[in-house]
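Report on the structure
Spelled out from the first residue to the last, the chains are:
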Amino acid sequence: MRHAALLLALAATAVCASDPPVIVGAAVPLSGSYADLAAEYGNALVLWRDEVNAAGGLLGRPVELRLVDDRSQARASHEIYRQLIEAEGAQLLVGPYGSAATLTAAAVAERARRVLLNATGAGRAAQRGYRYMFQVAAPYARYGDPVLELARAENLRSLFILARNDPPSREPAERLRQLALGLGLRVSDVQLYAAGTSDFSALAERARSDGAQAWIAFGTAREAAEMVKTFRRLGYAPPLFVAQGASQPGFIQALGQDAEHALGISPYEARLATLNNAEFVHAYRSRWGAVPGLAAAQGDAAGKLMEAAAVRAGSFDQERLRAAFAALDTETPLGRYKADPATGAQIAAKPVLTQILEGRIEIVWPIEHATARRQLPYPSWDSRKLMEPALQ
């Protein structure tokens, strides 16, 4: 069973001297619909615990990790975090997997005046001004920021923005539009489409007639692939094509060579040249036999930030920990961490842009993280040549 290794690892907490342990608690889906997606999250927390204990613990005390199965049910977080605080005496709390469960946990932590590290909740609603919650992940609203930077670097003045009709997609689209208008760019209204849309012909024709220089879409890999199929059918190729889903492996699988030159938006790549990321990737791969993805990086970042805040605070007093998290300005494998001291919202981290080049997902923006040089404009369909060997 996939989670057997995780459960065994939880039973093997290292011991540091004879000091009472520091209890770190979190709800993690070990069963249910999110279990596979969240497995990396728990794995990374286990790895962090073992590394900290091997180095002497937190403030000289061993870390005892309590990961409780929420069965992929957001409402279960209420009772789990109440128990972690009241019965288990957890000094450090890491949020559950996903924005909905994080909101439930945050309400409990706030009432108890206990610091909660929001490691995975990237939606605006998941960080709505709780005093004791601090956000680790780059907010969805900032997913368009690197796209605007690249569009300006390429001297593009006309943007066509689309979004799947859900909050994680609308939030970055709306922020991108407002920022672009503020810079004097010509920007369409955000074009909303239904989940699972497969025909983007009408929108493509509108973008073409508007003379849009950039097509920027927020949604899934499947929808991004359908956009490319529509482009090819219509012979349409905007100078800049960015689709959030193009950073996901399923995009290449759906399109083969037609995926080439598409740009994607990615909150984490294992090849990022961020602080300690190479070491994290190596340790995770050695322990779990796989390259870590976003959930794993979020778990590792949460651990590293707890460590930094505890050292800064010099104790596990919750008010001192809260002040420490509010003052931290540091870097994790996810990128820079800095929170708004009043709301706890992440204000520094933002995604990178990837591009599919010769069948590989390469980082192309920002330049300091690039693994390959970007290739623009997005090529017309009649100029493309069959690559050898063909993409798999």
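Look above for the structure.
Every value quoted in this text rests on a predicted model; they were computed, and no experiment measured them.

So, about the overall build of the chain. A count of helical and extended segments in the chain gives twelve helices and 15 strands. Its C-alpha radius of gyration of 22 Å places the chain within 12% of the 21 Å reference for a compact globule of 392 residues. Counting only C-alpha atoms and orienting by the principal axes, one finds that the chain spans roughly 70 × 45 × 35 Å. Long-range pairs, those at least 24 residues apart, make up 68% of the contacts in the chain with a sequence separation of at least 6. Between the mean site of the 42 positive side-chain charges and the mean site of the 40 negative ones, the chain shows a separation of 3 Å.

A few words on the sheet that holds strand 4 (residues 116-118). The parallel open sheet is built from five strands, whose spatial order is 2-1-3-4-5. Looking at the sheet topology across the chains shown, the edges are occupied by strand 2 (63-69) and strand 5 (133-135). Across this sheet, the average inter-strand angle for adjacent strands is 20 degrees, counted without regard to direction. Judged from the two bridges that link them, strand 3 (residues 92-94) and strand 4 form a sheet pairing that is parallel.

Moving on, we get to unusual backbone geometry. Here the amide bond leading from Trp365 into Pro366 is cis, since omega sits at 0 degrees, within 30 degrees of zero. The topology assignment puts Pro366 in the segment after strand 15 (360-365). With an omega of 5 degrees, the peptide bond running from Leu376 to Pro377 counts as cis. For Pro377, the position within the fold is in the segment after strand 15. Look at Ser72: it is not a glycine, yet its phi comes out positive at around 65 degrees. Residue placement: Ser72 occurs in the loop between strand 2 and helix 3 (76-86). The backbone of Asn155 sits at a positive phi, close to 60 degrees, despite the residue not being glycine. The topology assignment puts Asn155 in the loop between helix 5 (145-153) and strand 6 (158-164). Classification of Asn155 by relative accessible area gives exposed; the value is 62%.

Right, let's get into the packing of aromatic side chains. Evaluated as defined, the whole model comprises 14 aromatic pairs. Note on Trp215 and Phe231: the rings are 4.9 Å apart at their centroids and 90 degrees apart in plane angle, and the pair reads as edge-to-face. Here the residue Trp215 occupies a position in strand 9 (residues 214-218), and Phe231 occupies one in helix 8 (residues 221-234), the gap between them amounting to 16 residues. Neither residue differs from the other here; Trp215 and Phe231 are each classed as buried. Between Tyr378 and Trp381 the ring centres are 6.3 Å apart and the planes differ by 90 degrees, which places this aromatic pair in the edge-to-face class. This pair shows no difference in class: Tyr378 is buried, exactly as Trp381 is. Members of the aromatic cluster, connected to one another through ring pairs, are Phe160, Trp215, Phe231, Tyr236, Phe241, Tyr378 and Trp381. The ring of Tyr378 has Arg384 lying over it, and the distance from NZ or CZ to the ring centre is 4.8 Å.

The rules behind each value
- Residues numbered from 1 in each chain as written.
- Predicted model: local features only at pLDDT ≥ 70, side-chain atom pairs only at ≥ 80, totals over all residues.
- Heavy atoms only, no water.
- Helix = DSSP H or I, 4+ residues; strand = E, 2+ residues; numbered from the N terminus.
- Rg over C-alpha atoms; globule rule 2.2 N^0.38 Å.
- Contact = heavy atoms within 4.5 Å.
- Lys, Arg positive; Asp, Glu negative; His and termini not counted.
- Charge placed at Lys NZ, Arg CZ, Asp CG, Glu CD.
- Pairing = 2+ DSSP bridges.
- Axes fitted to C-alpha atoms, helices over the stretch in contact; angles between N-to-C directions.
- Buried < 20%, exposed > 50% of the residue type's maximum accessible area, 1.4 Å probe, protein only.
- Phe/Tyr/Trp six-rings, centres within 6.5 Å; stacked < 30°, edge-to-face > 60°.
- Lys NZ or Arg CZ within 6 Å of the ring centre and 35° of its normal.

Everything listed is a geometric property; what it means functionally is a separate question.
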